[in-house]
Amino acid sequence: MEKSCTLLVHFDKGTPAIANEIKEALEGSDVPAKIDAMKKAVMLLLNGETLPHLFITIVRYVLPSEDHTIQKLLLLYLEIIDKTDSKGRVLPEMILICQNLRNNLQHPNEYIRGVTLRFLCRLNETEIIEPLIPSVLQNLEHRHPYIRRNAILAVMSIYKLPHGEQLLIDAPEMIEKVLSTEQDQSAKRNAFLMLFTCAQDRAINYLLTHVDRVSEWGELLQMVVLELIRKVCRTNQNEKGKYITIIISLLNAPSTAVIYECAGTLVSLSSAPTAIRAAANTYCQLLLSQSDNNVKLIVLHQLNELKSSHRDIMVEMIMDVLRALSSPNLDIRRNTLDIVLELITPRNINEVVLTLKKEVVKTQSGELEKNGEYRQMLIQAIHSCAVKFPEVASTVVHMLMDFLGDSNVGSAVDVIIFVREIIETNPKLRVSIITRLLDTFYQIRAARVCSCALWIIGEYCLSLSEVESGIATIKQCLGELPFYSVSEEGEDTDSSKKVQQVNSITVSSKRPAVLADGTYATQSAASETSFSLPTLVQGSLASGNLRSLLLTGDFFLGAVVACTLTKLILRLEEVQPSKVEVNRASTQALLIMVSMLQLGQSPVLLHPIDSDSYDRIVLCIRLLCNTGDDIRKIWLQSCRQSFVEMLKEKKSQEEKEIKSKALISHAQPDDLIDFYHLKSRKGMSQLELEDEVQDDLKRATGEFVKDGNDANKLNRILQLTGFSDPVYAEAYVTVHHYDIILDVMVINRTKETLQNLCLELATMGDLKLVDRPQNYTLAPESSKQIKANIKVSSTETGVIFGNIVYETSNVHERTVIVLNDIHVDIMDYISPAICSDVAFRTMWAEFEWENKVAVNTVIQDEKEFIDHIIKSTNMKCLTALSALDGECGFLAANLYAKSVFGEDALVNVSIEKQVDGKLSGYIRIRSKTQGIALSLGDKITLKQKGGI
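Fair warning: this is a prediction, and the values are worked out from it, not measured in the lab.

Q: Would you explain the overall build of the protein in this entry?
A: Looking only at helices and strands, one finds 39 helices and 22 strands in the protein. Buried residues in the protein amount to 45% of all 948 residues.

Shown next, in the form of structure tokens:
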């Protein structure tokens, strides 16, 4: 059987000490050498050595020493050596140390007395302790508080021994007297802890007698009081009203640890609005007053829990929570914004948005290196606010458009997506947004942002002036044509040269340029042409954002430019009465498109134009040369209509999620109406009355009833041995995040007593056994419950295997029964989660582990197969339902889940229906770790056939 260990010391195995060397050093008179030898002896004993002949040497040469360090090491040595024989009787030589311990307890030096009393706290042998009890009790009245506090702990430890109540019959009475007269806060805490542990009724009486002075007690004692209150209220719900009053009084304590514990205790014991409001206030104060980021994160986690169960009260605290944004830590800011976004109401939306706008302005200072990332978080938060409450969009959209040219691409993308959604959902803002977008378009530097901005210009420029401004802005940002010049004298230049070096023609730019320091300047830029091989012609520095991106080979953007120009020309035909102007604009647009095609097919770029972009630009050229009403309708109406449908789908999805959460949080649709005047008050305070009402509400809505699914429990019982085996065993497996608890029932089916029965377990995968197996004796036809605790460190399918070993009185050999393997299912660790498409694509590109599973199923319907995979893998389908509708013989969907360890699991399903009706394709799984990719692949391979 494993022995308990009360001492851990680091041991360097590289230099093991020899027992003879230790013995010689102990027998010498050199004190430092004795100290070193005692340390080596203690470390050897802790690491499994026995050193049987050392005890007598220590008794002879170490016991009489007066050195305090040696005496401390002696007590550590006595703590870890075996003091009993194999039958549990105290060894006779232990009597030698009793007199020494008694002398130490009466020693004139306080340190020696104190460490000896601490040693007694870890001593379990009654025969050694019994003669020392009078000396221990004398120390309860010692003048020094250090000795008194350790004496109280010694009394508590002795009283908790199996026969301790007989050794110290009146210990609770003595400690209660000590508690009433003690002045030292630490000793007082130990005395109260002893009563709390050993005589709870006395502790409660003392607390209720001195209830008015609890707020004056020391921090240590107040923490024990809170622990007592939690324990009492769990066992006796009816009396928690008076204890909650004590907790409320402790909320004003000077110790932050005490008030944090008070808040947590209040939330766990009461649902009364007054109590929850007090706890929330306390958390908000801690959030602002504490400088440690870990403390702030813990408090934010508590506030998040409160938000889930008491949202109405947390709404009142929203501005206090927002103050945590002053912290420079991004995790704190992210958690704060997550909490705040779920607490927004029409009443507080304006204040929240105003605060977020101020924070966005602060990020422009550039003092912190992660300002760009923080700005992106703020923009996403403002976007969320504007979607929920469209009336605030007008106050933020123009300010955010200043960041379209942000160096942080993610931030700029979020802004343009926000603008795209707002311009559709808020028609009144269309004109001002288009005007501002055309004015700031030249500042945009990211291709993704340019593409989205061009789409907005093509869809929402409706009036004549807007269409003309849109065409002019695009032309100006493309610069002078052509994009490259043809060589006249190629023999003088290097054929590999791609950048021009010769003459240039200066073109004046009307736009201001943004310099490196953020200031503006009007400058003349150079549009350079050279007389060498075909060479790129660089546009003006101030107005060439589209040109510079095209010259890097981004022809997808070129295709977007062509589509935008096509839409603008088609709309110009509707709003421009002059055919001459329409033809002029159309000709210029065609010239731009042809120039892009020439650039894409020229040798001046490292990579030629891709076929998709080429086809798209050619389509736009053909369309402008020959337009029809049907084509016009598709280009000017259908595209925008698709966007509107996408927004509707997104909104309906969000509403469904809100409804599903609402269904989970309420047990019944009707709220209980509380009539305060009809309740019996019985001298209760307002807080106690509120608490009673909330308890009634919980009972009425079934919140106190735990809906345990018995059928589900039966599914988790696994048979480990056969019915014909002499020992039958079955296990109930409970998976709780990082722990797997095996509750194994072992039944002796023989007529003999089984001795030294041991359940030996081993694991494969990232599983680790916590407890060592113990030996048991099992009577004939009796049973035994054995619990085993296993730690899990990652999301991976693990295997637990082992055997049962036992002996019988007739056979001296050990009998072994091999157990069935227990497979730990990966589904116990992963749960459906949601992430944005951008985040999914980013993770897909970053994650290095991929598992590719070929589709092999009897299911013939694509949608049915996707639903089966989602159900089997416990994942969330990120692809919109509308994208999965219809019958086209092909289907692709993205699935996402998150493990309890924070790992991401990404799945892409691509399937196609063959001519014979069967489905083919691949399921690709990506993750950051190998375990989750392989385990999920095995699960899908096992389950994908259907009907299993």
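Q: It is not clear to me how helix α22 (residues 349–362) should be interpreted in this structure. Could you clarify?
A: Because each turn of an α-helix spans 3.6 residues, side chains separated by three or four positions end up pointing in the same direction. A rise of 1.5 Å per residue sets the reference length of α22, with its 14 residues, at 20 Å; its end C-alpha atoms lie 20 Å apart and thus fit the reference within 8%. Here α22 has its buried residues at I349, V352, V353, T355, L356, E359 and V360. Along the axis of α22, the buried residues cluster in a sector spanning 160 degrees; they form a single face. What points out from α22, more than 90 degrees from its buried face, is the exposed set N350, K358 and K362.

Q: Can you walk me through the packing of helix α5 (residues 95–105) against helix α6 (residues 110–120) in this structure?
A: Packed helix pairs are specified by the crossing angle of their axes together with the interaxial distance, meaning the distance between the axes. Packing of α5 against α6 leaves a shortest axis separation of 8 Å and a crossing angle of 130 degrees. One finds that α5 runs oblique with respect to α6. Of the residues in α6, those touching α5 at L101, N104 and L105 are I112, R113, T116, L117, F119 and L120. The residue makeup of the contact of α5 with α6, split by class, is six nonpolar, two polar and one charged.

Q: Would you mind showing me how to read the packing of aromatic side chains here?
A: The way to describe two aromatic rings as a pair is by their centre distance and the angle between their planes. Under the defined criterion, the tally for this structure stands at eight aromatic pairs. An aromatic cluster of three or more residues is present, and its members are F192, Y206 and W217. A cation sits over an aromatic face here: R333 above Y374, 3.7 Å from the ring centre. Directly above the ring of Y922 sits K852, whose terminal nitrogen or CZ lies 4.4 Å from the centroid.

Q: For this particular structure, what's the right way to read the environment of K768?
A: Among the secondary structure elements, K768 is positioned in strand β11 (residues 767–769). Residue K768 is classed as exposed on the basis of its relative accessible area, which comes to 61%. When the C-alpha atoms of K768 and S793 are compared, they prove to be 8.3 Å apart, with 25 residues separating the residues in sequence. In this structure, K768 is in contact with T763, N789, I790 and K791, ignoring residues within four places of it in sequence.

Q: Before we go on, may I ask you to explain the packing of helix α31 (residues 579–601) against helix α32 (residues 611–625) in this structure?
A: It is at 10 Å that the axes of α31 and α32 come closest, and there the two elements cross at 155 degrees. With respect to α32, the axis of α31 lies roughly antiparallel. In the crossing of α31 with α32, the sense of the turn from one axis to the other is left-handed. Here S586, A589, L590, M593, V594, M596, L597 and Q601 of α31 come into contact with α32, specifically with Y614, I617, V618, C620, I621, L624 and C625. Here the contact of α31 with α32 is built from residues that sort into 13 nonpolar, two polar and no charged.

Q: Sorry if this is basic, but what is going on with the sheet that holds strand β9 (residues 739–748) here?
A: Strand pairing in a sheet takes place through backbone hydrogen bonds and is either antiparallel or parallel in direction. The sheet built from five strands is open, its strands ordered β7-β8-β9-β13-β11 with antiparallel pairing. Each of the sheet's edge strands pairs with one partner strand only, and the pair in question is β7 (717–719) and β11. Within this sheet the neighbouring strands show an average axis-to-axis angle of 30 degrees, counted without direction.

Q: Any chance you could explain the pairing of strand β13 (residues 783–792) here in plain terms?
A: Every regular strand shows the same layout, with side chains that alternate between the two sheet faces. Bridge count between β9 and β13: nine bridges; the pairing is antiparallel. Note on β13: the bridge partner recorded for I740 is I790. The pairing of β11 with β13 spans three bridges and is classified as antiparallel. Within β13, the position partnered with K768 by the bridge is K791.

Q: Mind showing me how you'd approach the side chain of E359 here?
A: Tracing the backbone through its elements, the reader meets E359 in helix α22. Here E359 falls in the buried class, since its relative accessible area comes to 9%. A polar contact of 2.7 Å, which involves the side chain of E359, links it to the side chain of Y374.

Q: Whenever I open this one, unusual backbone geometry confuses me. Can you help?
A: Excluding glycine, residues mostly carry a negative phi; peptide bonds, for their part, are mostly trans. Note that the residue after L481, namely P482, is joined by a cis bond; omega there is 0 degrees. Looking at the element boundaries, P482 is found in the loop between α28 (464–478) and β1 (484–485). Even without being a glycine, N756 presents a positive backbone phi close to 50 degrees. Residue position: N756 is located in strand β10 (residues 754–764). On the accessibility criterion, N756 (31% relative accessible area) is partly exposed. One non-glycine residue, N874, adopts positive backbone phi at about 60 degrees.

Basis of the calculations
Counting starts from 1 at the beginning of each chain's written sequence and moves along it residue by residue. Local features in this predicted model are restricted to residues whose pLDDT is 70 or higher, and side-chain atom pairs enter the listing and the counts only when it is 80 or higher, whereas totals over whole chains, interfaces and linings include all residues. For the side-chain quantities, the full set of heavy atoms in the structure was used; hydrogens and water were omitted. What counts as a helix is a DSSP run of H or I of at least four residues, what counts as a strand is a run of E of at least two, and both are numbered from the N terminus. Three labels apply to residues, based on accessible area from a 1.4 Å probe with only protein chains included: buried if under 20% of the type maximum, exposed if over 50%, partly exposed otherwise in between. Helix span is expected to be 1.5 Å times the residue number reduced by one. The arc in question is the one spanned by the directions pointing from the helix axis to the C-beta atoms. Every axis corresponds to a line fitted to the C-alpha atoms, with the helix fit spanning only the stretch in contact, and the corresponding angles, defined between N-to-C directions, vary from 0 to 180 degrees. In this scheme, roughly parallel covers angles under 35 degrees and roughly antiparallel covers those over 145, while 65 to 115 is roughly perpendicular and the rest are oblique. The contact criterion used is simple: two residues touch if any of their non-hydrogen atoms lie within 4.5 Å. Each residue is assigned to one of three groups, with Ala, Val, Leu, Ile, Met, Phe, Trp, Tyr, Cys and Pro labelled nonpolar, Asp, Glu, Lys and Arg labelled charged, and all others, Gly among them, labelled polar. Note on ring pairs: Phe, Tyr and Trp rings are taken, using the six-membered ring of Trp, and paired if centres are within 6.5 Å. Classes follow the plane angle, with under 30 degrees stacked, over 60 edge-to-face and the rest tilted. By the criterion adopted, a ring carries a charge over it if an Arg CZ or a Lys NZ lies within 6 Å of its centre and within 35 degrees of its normal. Crossing handedness: left-handed means the near helix sits turned counterclockwise from the far one by under a right angle, and right-handed means the same turn made clockwise. One requirement defines pairing of two strands: DSSP has to find at least two bridges between them. For this analysis, a polar contact is any N or O atom pair within 3.5 Å, provided that within protein one partner can donate a hydrogen and the other can accept it, and provided that sequence-adjacent residues contribute only side-chain to side-chain pairs.

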